[in-house]
Amino acid sequence: MAQTSVPMPVVKTPSNLKNWFGVTPFFLFAILFLALPSVYLVRGSFLNQEGQFTLQNYIDLFSTPAIVNAYKLSIQISAVTAIGGGIFGFLLAYAITVGGLPRSLRSALITFSGVASNFAGVPLAFAFIATLGRRGFLTLLLKDQFNIDLYRAGFDLYSFAGLSAIYMFFQFPLMVLIMVPALDGLKREWREAAENLGATYLQYWTRIALPVLLPSILGAMILLFGNAFGAYATAYALTGGRLPIVTIQIGAQIRGDVLHNPGLGYAMAMGMVIIMAISLAGYSWLQKVSERWLR
Amino acid sequence: MNNVSLDSNVAQEQIEQPKKRWSLVRIGARFWSWLWFILGAIYFLVPLYATLRHSLRMERDVIGFKAYQRAFEDPSFWETFLLSNMLAVATIIASIILIVPTAYWIRLRLPEARRITEFITLMPFVIPAIILVFGLIRIYSAPIGIPFTGIDLLQPLTTTKLGTYALITAGYMVLAMPYMYRSVDTGMRTVDIRTLTEAAQSLGASWFTIITKVILPNIRSALLSGALLTFAIVVGEVTLASFLGVNAFGPYLFLIGQHKAYEPAALSFVTFLLTWVAMGLIQLFTGGQGQAAGAH
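On a predicted model such as this, the values are computed, not experimentally measured, just so you know.

Draft legend 1. Inspection of the overall build of chain A at higher detail. Per the secondary structure count, chain A includes 13 helices and zero strands. Tracing chain A from N to C terminus, the helices and strands come up as α-α-α-α-α-α-α-α-α-α-α-α-α. With the principal axes as the frame, chain A shows a C-alpha extent of 75 × 75 × 30 Å. Put simply, chain A has 295 residues, and 44% of those count as buried. Sequence-distant contacts in chain A: of pairs separated by 6 or more residues, those separated by 24 or more amount to 77%.

This is the structure we're talking about:
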């Protein structure tokens, strides 16, 4: 998702209906395993218990406190880790591209980012229990060596703060992977021109580099938001369903109809899809804007 | 930059000064860069160190590999791990069979299908795993028939083991699709498939021969990076596996995490090493920026 697609050299070929047969297996697959399940959920979200058309499910979505709170919590966690991970990831990407760090650190960090952004779910939750759990390594270290008791200070791994700390582990590496190519796209000529025209380093960053990078930064943060919003396994492995984010609620609805209304469950799933779709649309729009300057 | 003037002699002196300041600021920037880098390294390494440390302390007052030994002794570990690997291989092979000819055909003959195909391959970002499995369960736990006729073509997939494996493989293909398609498409961009195809055709090769003997070998590094990424996604995957009731490695790890203390840490560390191997190989084969996927 980090790369941009370069338009291929379009060669005019006389294409007729026959050529479409070549791609039928792919479209058939997409219909069976992507479109059909989605359509089923959309349809279900507009049906009441008796199977008649209704908008009630969507009205209930906004009037059921448990669901509204789940969305709120999910959006908060996703926004906090997208902004936090986005800023920290950007600073790291800055450090290894234009920050003047040795070349070897750059490739080490990029490989590590690839690993960390893929290292998620159950093992990640366990790693953080061993680190920041009640008897975790860091918890005990801070307590014994520095006399800081995290848990007495109100921290809890099985809470908003804890889950955010864990999500950060895959959020900022993803930001690094997206921002490194963008920062590489900053042209040396722009910096030299600014320098020769007497701009200060700060002016160069605030008036040239950041405005050019801003669409990429915002786009990447939106991607991070979606990345956290759709996450299920990490939260489930950590809390076993005690932290009621949207994905956990949907999981409970799949296991057994906890809302006592299948239609409401489908509407809840659709709400998620809509938020993800808006994020992706925002991302691809910003991606286009950023391509104006960066390649 | 409205305060800049170039047309006077004074300007020359003014320019000298900021230049000096820039080099000073750059030294400052390097300091901050090191700081960010060290903070990032700490965030990466401390959880891994804590996991490793925990996994080595199963026996009181002894540092040893007892937890690893116990974890590997459990036959369920091997069963689930083997199953996950087989599902990963099945997903990779089926994805290649589905995506390579499609991407090839679109580049060669059907550029107008490009937009819609790219749109479809992005859909898994809009439909998270939990929603996908929701829909898949509702559709495929009922008999599959021709709409409006009442004729059943297929028994519900979720009632048989083989059917469930087929369904979860399809689900994993969907999750891996954005990465696989992108890898393959990028691979094809770098080779001139049109010329290769014409050359092969003029030598009398069939479509099957062209794809298996000409196109596939030419995009092997792209295929490999797509395959390794798919592997990294599938082997530890939990969401689809647990809802479809497949005894894969992810649900197993979750289960032993509920009532064991040291073995889960050991297996988590092993999973981390596996992910590292996969990503390291991708880096090695593509020399590229690295990629991110993941079922969080």
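Additional details are given in the paragraphs that follow.
Draft legend 2. Looking closely at the overall build of chain B. Counting its secondary structure elements, chain B contains 12 helices and two strands. Along the chain direction, N to C, the helices and strands of chain B fall in the order α-α-α-α-α-β-β-α-α-α-α-α-α-α. In chain B, which comprises 296 residues, the share counted as buried stands at 44%. At a minimum sequence separation of 6, the contacts of chain B that also span at least 24 residues come to 72%.

Draft legend 3. Layout of the interface of chain A and chain B. Counting residues at the interface gives 86 residues for chain A, matched by 88 residues for chain B. For the side of chain A that touches chain B, the element with the most residues is helix α2 (residues 24–45) of chain A, which contributes 11 residues. Across the side of chain A that touches chain B, the residue classes break down as 57 nonpolar, 27 polar and two charged.

Draft legend 4. Inspection of the nonpolar core at higher detail. In this structure, A:Leu92, A:Ala93, A:Met175, A:Met179, B:Val133 and B:Val184 are the most contacted members of the largest nonpolar core, which totals 164 residues. With 15 residues, helix α8 (residues 160–184) of chain A is the largest single contributor of residues to this core.

Draft legend 5. Layout of the confidence of the model for chain A. Per-residue confidence for chain A averages 85 on the pLDDT scale, and 94% of its residues sit at or above 70. Confidence scores differ between elements of chain A, with helix α1 (residues 17–21) of chain A showing the lowest mean pLDDT of 80 and helix α4 (residues 65–97) of chain A the highest of 93.

Draft legend 6. Quick peek at the environment of B:Ile99. Residues and elements named next belong to chain B. If you trace the backbone, Ile-99 turns up in helix α3 (residues 75–108). The exposure class of Ile-99 is buried, given the 26 C-beta atoms found within 10 Å. The spacing of Ile-99 and Gly-204 is 105 residues in sequence and 24 Å in space, taken between C-alpha atoms. Ile-99 has contacts with Met-180, Tyr-181 and Val-184, leaving out every residue within four places of it along the chain.

Draft legend 7. Quick peek at the packing of helix α12 (residues 246–255) of chain A against helix α13 (residues 262–291) of chain A. Residues and elements named next belong to chain A. Where α12 meets α13, the axes come as close as 10 Å, and the angle between the chain directions of the two elements is 150°. The angle between α12 and α13 places the two elements in the roughly antiparallel class. Here α12 and α13 pass one another in a crossing that is left-handed. Counting all contacts with α12, which are made through Val-246, Gln-249, Ile-250 and Gln-253, the residues of α13 involved are Gly-265, Met-268, Ala-269 and Met-272. A per-class count over the contact of α12 with α13 returns five nonpolar, three polar and no charged.

Draft legend 8. Examining unusual backbone geometry more closely. Residues and elements named next belong to chain A. Here Asn-147, not a glycine, exhibits a phi torsion of approximately 60°, which is positive. Mapped onto the elements, Asn-147 comes out in the loop between α7 (137–146) and α8. Here Asn-147 falls in the exposed class, since 7 other C-beta atoms lie within 10 Å of it.

Draft legend 9. Molecular detail of the packing of α3(B) against helix α6 (residues 161–190) of chain B. Residues and elements named next belong to chain B. At a minimum axis distance of 8 Å, the contact between α3 and α6 shows a crossing angle of 45°. With respect to α6, the element α3 is oriented oblique. The chirality of how α3 crosses α6 is right-handed. Of the residues in α6, those touching α3 at Leu-87, Ala-90, Thr-91, Ala-94, Ser-95, Leu-98, Ile-99, Val-100, Ala-103, Tyr-104 and Arg-107 are Ile-168, Thr-169, Tyr-172, Met-173, Ala-176, Met-180, Tyr-181, Val-184, Asp-185 and Met-188. In terms of residue class, the contact of α3 with α6 is made up of 16 nonpolar, three polar and two charged.

Draft legend 10. Geometry of the environment of A:Ser38. Secondary-structure assignment places A:Ser38 in helix α2. Look at A:Ser38 and you get buried, because 21 C-beta atoms sit within 10 Å. For the pair A:Ser38 and A:Met270, spaced 232 residues apart in the sequence, the C-alpha separation amounts to 8.7 Å. Beyond its immediate sequence surroundings of up to four residues, A:Ser38 is in contact with B:Ile127 and B:Gly135.

Draft legend 11. Molecular detail of the confidence of the model for chain B. All names here are of chain B. Here chain B averages 83 in pLDDT, while 84% of its residues score no lower than 70. Across chain B, α3 holds the top mean pLDDT of 93, while strand β1 (residues 144–146) sits lowest at 65. Every residue in residues 1–13 is under pLDDT 50, and counting partners more than four places away or in other chains gives eight contacts. Under the prediction, the complex receives an ipTM of 0.84, its pTM being 0.85.

Draft legend 12. Fine view of the environment of B:Ser84. Residues and elements named next belong to chain B. Summarising the element assignment, Ser-84 is placed in helix α3. Given 24 C-beta atoms within a 10 Å radius, Ser-84 is considered buried. In this structure the C-alpha to C-alpha distance between Ser-84 and Phe-231, which are 147 residues apart in sequence, comes to 9.2 Å. Once residues lying within four places of it in the same chain are set aside, the contact partners of Ser-84 are Val-234, Val-235, Ala-248 and Phe-249.

Conventions we followed
- Residues numbered from 1 in each chain as written.
- Chains lettered and ligands numbered in written order.
- Predicted model: local features only at pLDDT ≥ 70, side-chain atom pairs only at ≥ 80, totals over all residues.
- Helix = DSSP H or I, 4+ residues; strand = E, 2+ residues; numbered from the N terminus.
- Buried ≥ 20, exposed ≤ 12 C-beta atoms within 10 Å, placed from the backbone.
- Contact = placed C-beta atoms within 7 Å.
- Nonpolar A, V, L, I, M, F, W, Y, C, P; charged D, E, K, R; others polar.
- Core = buried A, V, L, I, M, F, W, Y, C linked by C-beta atoms within 7 Å.
- pLDDT = per-residue confidence, 0-100.
- Axes fitted to C-alpha atoms, helices over the stretch in contact; angles between N-to-C directions.
- Parallel < 35°, antiparallel > 145°, perpendicular 65-115°, else oblique.
- Left-handed = near helix turned anticlockwise from the far one by under 90°.

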